[in-house]
Amino acid sequence: MADSLINENPPVHPMQLWAIILAAGKGTRLSEHLQGTAKQFIYHKDLPLYMHSALTISSYAMLKGIVFVFPEEYVSQEHPLIIAQSARLGVDIKVVSGGVRRQDSVQCGLRALPPQCSHVLVHDSARPFVSIALVHRLCEALQAGASGVIPTIPVVDTIKEIVSGLVKSTPPRESLFAVQTPQGFVRHILEQAHAKAEEEKSSVTDDASVLELLGHTVHTVPGEAENIKITHVDDLMKLQNTPSTRPCVGFGYDVHRFAILTKGEGEDAKNRPLKLGGVFMDGAMHVVAHSDGDVLLHALMDALLGATALGDIGLHFPDSSAVYDNADSAVLLQEVLRLVKQKGLEIHHIDLTIITQKPKISPQRNAIQKNVAHLLGLSQDRVNIKATTEEGLGFTGHGEGIKATAVVSGTIHSSTF
Ligand code: CTP
Ligand code: MG
């Protein structure tokens, strides 16, 4: 929450929040290292830099739309990419060309806002690492009634005012803060303030400055050290080193019928000796299956595919295909592992449950745990095997079949998000 929010009026109606993503600068300080390309258009993880903050800000649930501000000569070039990302952005989109100075570009963005927009976040696209948490802090302050709110970071260095190479003064460090974007505003107040700055021919480097000119209070929220502005050549290194991981979870579920009930059902019945996690359960009922019927490995494969958004085993190994007749599920699992590894999955933990009235699993629990861990290349403390009956209820309780569930947790490592 912003500091000392006491004076202004909270909005009566729900906020109609838009963002202006500024990408109309020349990137002069970097362009010679980028063969003339303005920094906001360099590619990072398969997207131009300006798209990264746009995707983060657009995922904030209250955001209604984004105005992209580009140099005139880039507008038509970037349009198709924005269209291609529009489903992911999921908000209204406008694209306009900017002006000579940053504040001219902001005004171009403001003119493109729809009438119903009540609040606006202005963001420099050269800050690709803004977080959703920071956007939330700003919006909380706006909802509480702030006219303007900015993210700040206390400075660690002593700052001097220097004129013609000579120190003029040393302002007390406690009161000095570096300022970031996004900066949040009541839309009409920001418009008035920019008009006033224009009238007075004031040049400013951020939007809070124009509110200050009008005498409005500007509130603050904590900024973020990671929310850097890509400015100098060293900053390009930070683009290479940013972590690209996200946690994931997958769930799998499978059922097989016990063969005992299929006697006399005809030639097609495919009875397989019961195997769980690749371990034969000697003396147990057989199951009906196209493959080897390892219900536990099937649930596990679905969980792995679930964690990586790769569908399910039916999609990859259709039971209409003769290739998978009596297929060894351990072999299919190796193929699933290949697919999920391609997607960047690092498995953290596997939790498996077998649900059956019979046979009793506990004598084989360790063997199953050991084999599943082996098949996955994991240590045994990352694989848990549970078993339960359903107390004589339902199809497992009546001994008609067996089911299994699997939960996989992990991390996806990728260069594309
Ligand atoms: N910006 C803009 N229109 C301008 C000038 C700047 O939209 N006429 C944008 C930049 O694209 C950037 C942000 O405002 O996202 C902050 O500007 P800055 O970091 O100074 O970027 P550049 O002006 O592009 O870089 P440089 O100062 O090195 O030329
Ligand atoms: Mg600049």
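Reference entry: report on the structure contained in this document. (Residues numbered from 1 in each chain as written. Chains lettered and ligands numbered in written order. Predicted model: local features only at pLDDT ≥ 70, side-chain atom pairs only at ≥ 80, totals over all residues. Heavy atoms only, no water.)

1. Some thoughts on the site of ligand 1
Close to ligand 1 lie 19 residues, the nearest being Gly27, Thr28, Arg29, Val100 and Ser105. With respect to ligand 1, the backbone of Lys26 contributes an N or O atom lying 3.4 Å from an oxygen atom. Residue Ala126 places a main-chain N or O atom 3.4 Å away from an oxygen atom belonging to ligand 1. Broken down by secondary-structure element, the contributors of at least two residues to the shell around ligand 1 are helix H1 (28-31) and helix H4 (102-111). A per-class count over the shell around ligand 1 returns 5 nonpolar, 7 polar and 7 charged. (Near = heavy atom within 4 Å. Polar contact = N/O pair within 3.5 Å; in protein donor to acceptor, adjacent residues only side chain to side chain. Helix = DSSP H or I, 4+ residues; strand = E, 2+ residues; numbered from the N terminus. Nonpolar A, V, L, I, M, F, W, Y, C, P; charged D, E, K, R; others polar.)

2. Digging into the side chain of Asn227
In this fold, Asn227 is placed in the loop between strand E12 (219-222) and helix H8 (233-241). Relative accessible area serves as the criterion here: at 0%, Asn227 is assigned to the buried category. In terms of polar contacts, Asn227 uses its side chain to reach the side chain of Gln180, at 3.1 Å. If near-sequence neighbours (up to four positions away) are discounted, Asn227 is found in contact with His123, Arg127, Phe129, Val130, Leu134, Gln180 and Thr181. (Buried < 20%, exposed > 50% of the residue type's maximum accessible area, 1.4 Å probe, protein only. Contact = heavy atoms within 4.5 Å.)

3. Structural notes on the sheet that holds strand E13 (residues 245-257)
Taken in spatial order, the 4 strands of this open sheet run E13-E20-E18-E19, and their pairing is mixed. Looking at which strands have only one partner, the edges of the open sheet turn out to be E13 and strand E19 (383-388). Pairs of neighbouring strands in the sheet enclose a mean axial angle of 15 degrees, with direction left out of account. Pairing geometry for strand E18 (residues 345-355) and E19, over 6 bridges, is parallel. Within the sheet, the bridge partner assigned to Thr353 lies in E19 and is Lys386. Relative to the sheet, helix H9 (residues 295-307) contacts E13, E18 and strand E20 (401-413), its axis offset from that of E13 by approximately 150 degrees. (Pairing = 2+ DSSP bridges. Axes fitted to C-alpha atoms, helices over the stretch in contact; angles between N-to-C directions.)

4. A few points about the pairing of strand E9 (residues 166-169)
The sheet contact formed by strand E8 (residues 161-163) and E9 spans 3 bridges and is antiparallel. Residue pairing across strands places Glu161 opposite Ser169, the latter belonging to E9. Linking E8 to E9, which pair antiparallel, is a turn of 2 residues; within it Ser164 sits at a positive phi near 50 degrees.

5. Focus on the environment of Pro222
If you trace the backbone, Pro222 turns up in strand E12. Taking C-alpha positions, Pro222 is 41 Å from Asp381, a pair spaced 159 residues apart along the chain.

6. Description of the nonpolar core
Residues Leu276, Leu300, Leu304, Ile368 and Leu376 are the most contacted members of the largest nonpolar core, which totals 49 residues. For this core, the secondary structure elements donating two or more residues are H9, helix H11 (329-342), E18, helix H12 (365-376), E19 and E20. Sorting elements by how many residues they give to this core places H9 first, with 10 residues. Among all residues touching Leu276, those that are not within four sequence positions of it are Met281, Asp294, Val295, Leu296, Ile354, Ile361, Ile368 and Ile402. (Core = buried A, V, L, I, M, F, W, Y, C linked by side-chain atoms within 4.5 Å.)

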